[in-house]
Amino acid sequence: MQSLPNSYRALVIGATGAIGAAMLAHLRADPRCGEALGLGRSTTPAIDFDDEASVARAAAQVGAGGPLHLVINAAGMLHGPQGLPEKRLGQLHYAQMEATFRTNTFGPALVLAHFAPLLARRERSVLAVLSAKVGSIGDNRLGGWYSYRASKAALNMLLKTASIEVARTHPQAVLVALHPGTVTSALSAPFNGAEIGRDAAQAAADMLGVLDGLGVEQTGSFHAYNGQNLPW
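Residues numbered from 1 in each chain as written. Predicted model: local features only at pLDDT ≥ 70, side-chain atom pairs only at ≥ 80, totals over all residues. Heavy atoms only, no water.

## Things to note about the nonpolar core
The condition that has to hold: To qualify as a nonpolar core, a set must consist of buried Ala, Val, Leu, Ile, Met, Phe, Trp, Tyr and Cys residues joined through side-chain atoms within 4.5 Å. Note on exposure labels: buried denotes an accessible area under 20% of the residue type's maximum, exposed denotes more than 50%, and partly exposed covers the range between, all computed with a 1.4 Å probe on protein chains only. By definition in these notes, contact holds between two residues if any of their heavy atoms fall within 4.5 Å.
Counting residues in each nonpolar core, the largest one holds 31 residues, and the members touching the most others are Met 1, Met 23, Leu 27, Leu 70, Ile 72 and Leu 211. Met 23 has contacts with Val 12, Ile 72, Leu 130, Ala 204, Met 207 and Leu 208, leaving out every residue within four places of it along the chain. Formed by 30 residues, the second largest nonpolar core is a distinct cluster that contains Ala 116, Leu 118, Leu 119 and Leu 155.

## Some remarks on the sheet that holds strand E4 (residues 125-130)
As a reminder, the rule being used: Whether two strands pair comes down to DSSP finding at least two bridges between them. A run of H or I in DSSP counts as a helix once it spans at least four residues, and a run of E counts as a strand once it spans at least two, with each numbered from the N terminus. Here, axes are lines fitted to C-alpha atoms. For helices the fit covers the stretch in contact, and angles between N-to-C directions go from 0 to 180 degrees.
Spatially, six strands are ordered E2-E1-E3-E4-E5-E6 in an open sheet, and the strand pairing comes out parallel. With one partner strand each, in any of the chains shown, strand E2 (33-39) and strand E6 (221-224) form the two edges of the open sheet. Each neighbouring strand pair of the sheet contributes to a mean axis angle of 20°, computed without reference to strand direction. In this structure, strand E1 (residues 8-13) lies alongside strand E3 (residues 70-73), joined through four bridges in parallel fashion. Bridging from a neighbouring strand, Leu 11 pairs with Val 71 of E3. Lying over the sheet, helix H4 (residues 146-169) contacts E4, strand E5 (173-179) and E6, oriented at roughly 170° with respect to E5.

## Here we look at the pairing of E5
It is a general feature of regular strands that their side chains alternate between the two faces of the sheet. Heads up, the rule is: Throughout, right-handed denotes a crossover for which the path from the first strand over the helix to the second runs clockwise when the strands point away from the viewer.
The element E5 is extensively covered by neighbouring structure, given that seven of its seven residues are classed as buried. Side chains of E5 alternate between two faces, with Ala 173, Leu 175, Ala 177 and His 179 and Val 174, Val 176 and Leu 178 buried alike. By the bridge criterion, six bridges tie E4 to E5 in an arrangement that is parallel. Across the sheet, residue Val 129 finds its bridge partner in E5, namely Ala 177. Following the chain from E4 across H4 to the adjacent parallel E5, one finds a crossover that is right-handed. Here four bridges tie E5 to E6, and the two strands are oriented parallel to one another. Bridge pairing in E6 places Leu 178 opposite His 223.

## Side note on the packing of aromatic side chains
To keep it simple, the criterion reads: Here a pair means two rings of Phe, Tyr or Trp (six-membered ring of Trp) with centres within 6.5 Å. Their orientation is stacked below 30 degrees between planes, edge-to-face above 60, and tilted elsewhere. Two limits define a charge over a ring: the Lys NZ or Arg CZ must be within 6 Å of the ring centre, and within 35 degrees of the ring normal.
Tallied over the full model, the rule gives three aromatic pairs. Seen from their ring centres, Trp 145 and Tyr 148 are 6.0 Å apart, and the 80° between their planes marks the pair as edge-to-face. Just above the ring of Tyr 225 sits the side chain of Arg 198; from NZ or CZ to the centre is 3.8 Å.

Okay, structure coming up:
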């Protein structure tokens with residue numbers, strides 16, 4: 001990450017997932033990175049989006065170590081115990097919608113609330129959330145996947161709104177939503193097969209490259225892993 005200060009401090013949330021783990025590995029291998037932290041449900045401190053207070057506790061502990069220059073939320077869900085993404089209106093029910101929004105929208109919103117203030121104030125910093133192209137309202141041509149699409153569209157709005165507020169106190173900060181593309185992982189396996197999709201390490205490298213090249217004027221934007229600017 002050439003655009004960040006030397007010995008920059010980085011954090012990956014959702015660091016045990018395929019993409020999060022790959023991003024953390026890249027950052028720890030970067031000789032310019034002074035510290036790369038990874039948090040999840042089983043780490044110390046822990047972040048569990050089912051436990052609202054855990055986000056604040058983790059932020060307090062991480063913040064005690066100094067300002068952050070890079071924060072990436074890689075946690076998310078497409079399917080879970082409540083079922084696969086809904087293809088039709090008749091499949092909608094509260095349990096699935098609530099679980100999807102808790103992981104994809106409410107948890108990342110708390111990350112924005114508690115970790116954006118920890119960004120460096122006088123140096124370049126980046127906060128990225130993993131969104132999805134299917135969360136684009138303008139690009140929705142196929143329908144389906146109701147909860148997942150809606151949760152990512154809501155996340156995009158939260159990110160855009162937060163970028164306006166954060167710019168007032170952190171003028172060099174860039175807040176961005178990222179679409180990782182199809183990556184070989186447990187998330188995509190039921191839909192694409194275990195071996196179809198880009199390698200997580202390559203996806204991580206692609207997205208870190210996009211983050212490295214974003215200017216401060218692009219805060220509050222939505223990008224694909226190849227740098228393409230995506231419609232809201």
